Amino acid sequence: MNYRMAEEADTGVSSRTERKALEKAKILQRESERKIFRLVGRVLKKPEAERSEEEAAVLLLHKDTVEELSKRQVRRNVLKRKQEEVFDDAEELRNKVRQLAVAVKQANHLVVYTGAGISTAASIPDYRGPNGVWTQLQKGRAISSSDLSKAEPTLTHMCIRMLHKENMVKHVVSQNCDGLHLRSGLPRTALSELHGNMFIEVCIACSPVREYVRLFDVTERTSLHRHGTGRRCSHCGSELRDTIVHFGERGTLEQPLNWRGAAEAAEMADVILCLGSSLKVLKKYNCLWCMNRPANKRPKLYIVNLQWTPKDDLSELKINGKCDDVMSLLIEELNCQIPVYDRAEDPIFSLATPLRPEELDSHNREVISTENKPRDNSADTTGQDTAVQGGWFGRGYGKGRKNRKKAVL
């Protein structure tokens, strides 16, 4: 018995020794590969005429590494080109808008998909633009804060509202959580806010789900998988939750997400106009693109964006311009007038549920007032710091920063 135990002990020690030796060998191999990559990388940075015979020999000896580094450089160059903003010149922009105007006039069921690019004119940064939140984080830049509820509907928001009123736009599918479509006067029946609305909190314990529209950003204390706002339902006493769908989550609320309305609109659409969206998220929602149909039976796609999108090659027309500029020209071509946003007539005031006395101190966000306060343009989104704040936006870039740190490690 003692002999067997000693034999098993020796076997265990031997196995641990072998594992440690194997792990050490792997570490040494990885370190050796890193040294080779660094060496080859330094040589490749030199012009060919300036390389010594020894350096040329290094490249010949490590052809696989040279090939891998060359592929990586090609990928970096492609990614850089995709991130660059491209502007059509004035004449080309007007010509393209004329084509868009014809499509809008002839459309039987026009649906508009909107992204963060339509709200940048309201001092709300986008995600992937040159000064977007993700872009800033990738460059290691800090993100400052301000209250996003100070924003007002932009010219593009008001144009979309007008086109819907004139029965040219049937439905709007938005990725934005800023609530500006709702505040522009667009009817909720014609709106799908796929990622939620920062002004709406709900009680999911009530049936049907009970909704509370507030005059402030309700996401102050919420984040990924943690949606409780701290306030309680006035009917059942359950904790209210926000409506935001963060990256990595699946939205199940009927409103304000309105997935049914979005899917039905896409099914009936003969023209889809995408405004200010990178489409990197929307492209994953197959029901919005009628992918079950043959290509020639799908809606005609028109895209307005300054950067590359994964749907560019499938579009009838790609317009490289700012959303406000394009929509201003489009409204002119359609012989319509752009309605002016009037804060006193903002629908959010008639929809809002007042806080109960015991809830007045339940948040620190600025409350929207009916007074027409001058817009705070102190938040400059063109510099190093981008003005953002709020659970839906703040937690999003926090997650991005965390992922970035992991990548660095």
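See the structure printed just above.
**A closer look at the pairing of strand β8 (residues 271–275)**
1) Next: Most of β8 sits out of view: five of its five residues are buried.
2) Next: Judged by which residues are buried, β8 turns out to be covered on both faces: Val271, Leu273 and Leu275 on one side and Ile272 and Cys274 on the other are all buried.
3) Next: Bridge count for strand β1 (residues 110–114) against β8 is five bridges, and the pairing is parallel. Each bridged residue has a counterpart across the sheet, and for valine 112 the counterpart in β8 is leucine 273.

**As for the environment of glutamate 345**
1) Next: Tracing the backbone shows glutamate 345 in the loop between α9 (323–333) and α10 (348–351).
2) Next: A residue is classified by how much of its surface remains accessible, and glutamate 345, at 63% relative accessible area, is exposed.
3) Next: The spatial distance from the C-alpha of glutamate 345 to the C-alpha of serine 184 is 9.3 Å, given a sequence separation of 161 residues.

**Examining the packing of helix α6 (residues 155–165) against α9**
When two helices pack together, their arrangement is captured by the angle between the axes and the distance separating the axes.
1) Next: Relative orientation of the contacting elements α6 and α9 amounts to 35°, with a least axis distance of 8 Å. Our pair here, α6 against α9, has a crossing hand that is left-handed. Contacts between α6 and α9 pair Leu155, Thr156, Cys159, Ile160, Met162 and Leu163 from the former with Cys323, Asp324, Met327, Ser328, Leu330 and Ile331 from the latter.
2) Next: When its residues are assigned to classes, the contact of α6 with α9 shows nine nonpolar, two polar and one charged.

**Some words on the pattern of salt bridges**
1) Next: Enumeration according to the criterion identifies 21 salt bridges in this entry.
2) Next: In this structure, the salt-bridge partner of glutamate 55 is lysine 46, at a minimum N-O distance of 2.7 Å.
3) Next: Note on lysine 46: relative accessible area 34%, which makes it partly exposed.
4) Next: Of the charged contacts, one joins arginine 356 and glutamate 359 as a salt bridge, the two residues approaching to 3.0 Å between their closest N and O atoms.
5) Next: One connected set of salt bridges, linked through shared partners, spans Arg94, Arg98, Glu332 and Glu333.

What counts and what doesn't
- In every chain, residue numbers begin from 1 and rise along the written sequence.
- In keeping with the model being predicted, local features are shown solely for residues with a pLDDT of at least 70 and side-chain atom pairs are shown and tallied solely at 80 or more, while totals for entire chains, interfaces and linings include all residues.
- Each side-chain value is derived from all of the structure's non-hydrogen atoms; neither hydrogens nor water enter the calculation.
- Three labels apply to residues, based on accessible area from a 1.4 Å probe with only protein chains included: buried if under 20% of the type maximum, exposed if over 50%, partly exposed otherwise in between.
- The secondary structure listing takes helices from DSSP runs of H or I that are at least 4 residues long and strands from runs of E that are at least 2 residues long, numbered from the N terminus.
- Two strands pair if DSSP finds at least two bridges between them.
- Only the contacting stretch of a helix is used when fitting its axis, a line to C-alpha atoms as for every element, and angles between N-to-C directions run 0 to 180 degrees.
- Crossing chirality is assigned from the near helix's rotation relative to the far helix, an anticlockwise turn below a right angle marking it left-handed and a clockwise turn marking it right-handed.
- In this description, contact between two residues means that some pair of their heavy atoms is separated by no more than 4.5 Å.
- Just so you know the grouping, Ala, Val, Leu, Ile, Met, Phe, Trp, Tyr, Cys and Pro go in nonpolar, Asp, Glu, Lys and Arg go in charged, and all remaining residues, Gly too, go in polar.
- A carboxyl oxygen of Asp or Glu within 4 Å of a side-chain nitrogen of Lys or Arg is what we treat as a salt bridge.

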